[in-house]
Amino acid sequence: MAEHDNETHGTGTRLVGAGRRAAWTGTADHPGAVVNPPVYRASTHLYPDMAALRSAPANVDGNFYYGRRGAPTQWALAEALTALEPGAEGTVLYPSGVAAIMGALLTVLRPGDVLLMTDNAYEPSRAMGRGLLKDFGVETRWFDPLDVAGFEAAICARTKAVLLEAPGSLTMEVCDVPALAAAAKARGVTVVMDNTWASPLGFPALERGADIAIMSLTKHVGGHSDAMMGSASAGPKWQRKLRLRAQGLGNVVSPDDASLMLRGLRTMALRLAQETASALALAQWLEARPEVARVLCPMLPGSPGHDLWARDFHGGCGLFSFVLKGGTSAARDALIDALSLFGIGYSWGGFESLATPVDPAAIRTASAWPLPGMDAADRFGVRLSIGLEDTADLIADLERGLAAWGAAA
Ligand SMILES: *Cc1c(COP(=O)(O)O)cnc(C)c1O
């Protein structure tokens, strides 16, 4: 079988072929003998003789060396992710999305540097700024993602990196990534972007100005709520540095988990398309309900950042939030408890739907909640991750939830 041409084919074709090098899916006698790279469970790699050990190959994927540098199962996943990210020279795998974010920040920052972090960043990213980065001499300052001029003004001589996320966690505002990235680059600031929501299928982060594109593979790529992993893809400027820093931190992912991620990757476009369509239908239904003050869903016209989403993104996903009209925290709990098809849990991007409460006021420091234009009483939110259940069933479930909210509010 000829290796797939990832430059010219469409997304579905690229997802099917990416990473399936014949040398990794067969033997020397029969390259490409099986469809998927086998699970290489290997800590020790063996050398045929001393000459081979003495001339150990370069530190790049594709060379057996020692288990911590992976084997074909991990290399195939890294290569597949690189093929999906336009502008990427390589991809480094991490044991979780959080490890990928920290691995990238520890690559681009030094003691004394300032990191600018979007105020709607994933909370564990914020915790890095308050905790580990602070302990190691990096100062984190948070900025309002919708205020490009304020962001430019916040850049100082010590600013070395910015962490973006679009749409942001919980409140889902889409920032102007190209404008923020251009302002950062003009001042020599490295742009790190958490692109978990859209993935490269929906947002080519490097093409839009990011230097390093991060994903929690735990979400869309895995897609089945059974494995955790993260990735960082970058062009030539950062790729090697990311790799060496990840090795210095001792990061390695298991071949079993890499195999699960490769399996998930093959169906990712289908799942995303279905979840996006279902989420949009639910968002429209919620928007028309009297109990709902605001739907925060980038795919929904009128939602905060929808215009930027329509301009810069090729697709969406099943994750969005909505805010109830007044009520109490207990009434919101009653809503979530009344749902039978939505699990209560912190993850998203799986085949099964999930619901969690949204209370950003407690963690934001540089932007307003409720969002500008919203009533102060409208502050109890719910985040939904829409899975592959039938849309009509999910709507009926939400109807039960809103009835429980009405009885409790
Ligand atoms: C879940 C998540 C992460 C972290 O991923 P893990 O694999 O759970 O460590 C990072 N960023 C965003 C936006 C997430 O939702």
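Structure: above.
First, a word on scope: everything that follows refers to the structure included in this document. The residue numbers shown here count from 1 along each chain, following its written sequence. Given that this is a predicted model, residues contribute local features only at a pLDDT of at least 70 and side-chain atom pairs are listed and counted only at 80 or more, while totals for whole chains, interfaces and linings are drawn from all residues. In computing side-chain properties, one takes all heavy atoms of the structure into account and sets aside hydrogens as well as water.

## Some details on the sheet that holds strand 8 (residues 292–296)
Two strands qualify as a pair provided that DSSP identifies no fewer than 2 bridges between them. In DSSP terms, a helix is any run of H or I states spanning at least four residues, a strand is any run of E spanning at least two, and both are numbered starting from the N terminus. Spatially, the five strands line up as an open sheet ordered 8-9-12-11-10, and their pairing is mixed. The sheet terminates laterally at strand 8 and strand 10 (343–344), the two strands that pair on one side only. Bridging between strand 10 and strand 11 (residues 354–358) involves two bridges; their strand directions are parallel. Bridge pairing links Gly-343 to Leu-354 in strand 11. With respect to the sheet, helix 12 (residues 268–287) is in contact with strand 8, strand 9 (319–324) and strand 12 (381–385), its orientation differing from that of strand 9 by roughly 10°. In what follows, residue pairs with any heavy atoms lying within 4.5 Å of each other are defined as contacts. Interaxial angles span 0 to 180 degrees and are taken between N-to-C directions of axes, which are lines fitted to C-alpha atoms, for helices over the stretch in contact. Where helix 14 (residues 329–338) meets the sheet, its contacts fall on strand 9, strand 10, strand 11 and strand 12, and the angle it forms with strand 11 comes to roughly 175°.

## Here we look at the pairing of strand 1 (residues 90–94)
Two faces make up the sheet, and in a regular strand the side chains alternate between them. Within strand 1, five of the five residues are buried, which leaves the element mostly enclosed by the surrounding structure. Between buried and exposed lies partly exposed: a residue is buried under 20% and exposed over 50% of the maximum accessible area for its type, with that area taken using a 1.4 Å probe on protein chains only. Alternating positions in strand 1 separate into two faces, Gly-90, Val-92 and Tyr-94 on one and Thr-91 and Leu-93 on the other, with burial throughout. As defined by bridge partners, strand 1 adjoins strand 7 (residues 230–234) across five bridges and the pair is classed as antiparallel. When the bridges of strand 7 are listed, Tyr-94 appears paired with Gly-230.

## Remarks on the packing of aromatic side chains
Any Phe, Tyr or Trp ring, taking Trp's six-membered ring, that has another such ring centre within 6.5 Å forms a pair; planes under 30 degrees apart are called stacked, those over 60 apart edge-to-face, and the others tilted. Scanning all chains against the criterion turns up six aromatic pairs. Taken together, a centroid distance of 6.0 Å and an interplanar angle of 55° make the contact between Trp-24 and Trp-75 tilted. Of this pair, Trp-24 sits in the loop between helix 1 (11–17) and helix 2 (50–54) while Trp-75 sits in helix 3 (residues 72–84), placing them 51 residues apart in sequence. Neither Trp-24 nor Trp-75 differs from the other in exposure class; each is buried. Three or more aromatic residues link up through ring pairs in this structure, and these residues are Trp-24, Tyr-40, Phe-64 and Trp-75. Here, over-ring charges are defined by two tests on the NZ atom of lysine or the CZ atom of arginine: distance to the ring centre within 6 Å, and angle to the ring normal within 35 degrees. It is Arg-69 that lies over the ring of Tyr-65; its NZ or CZ is 3.8 Å from the centre.

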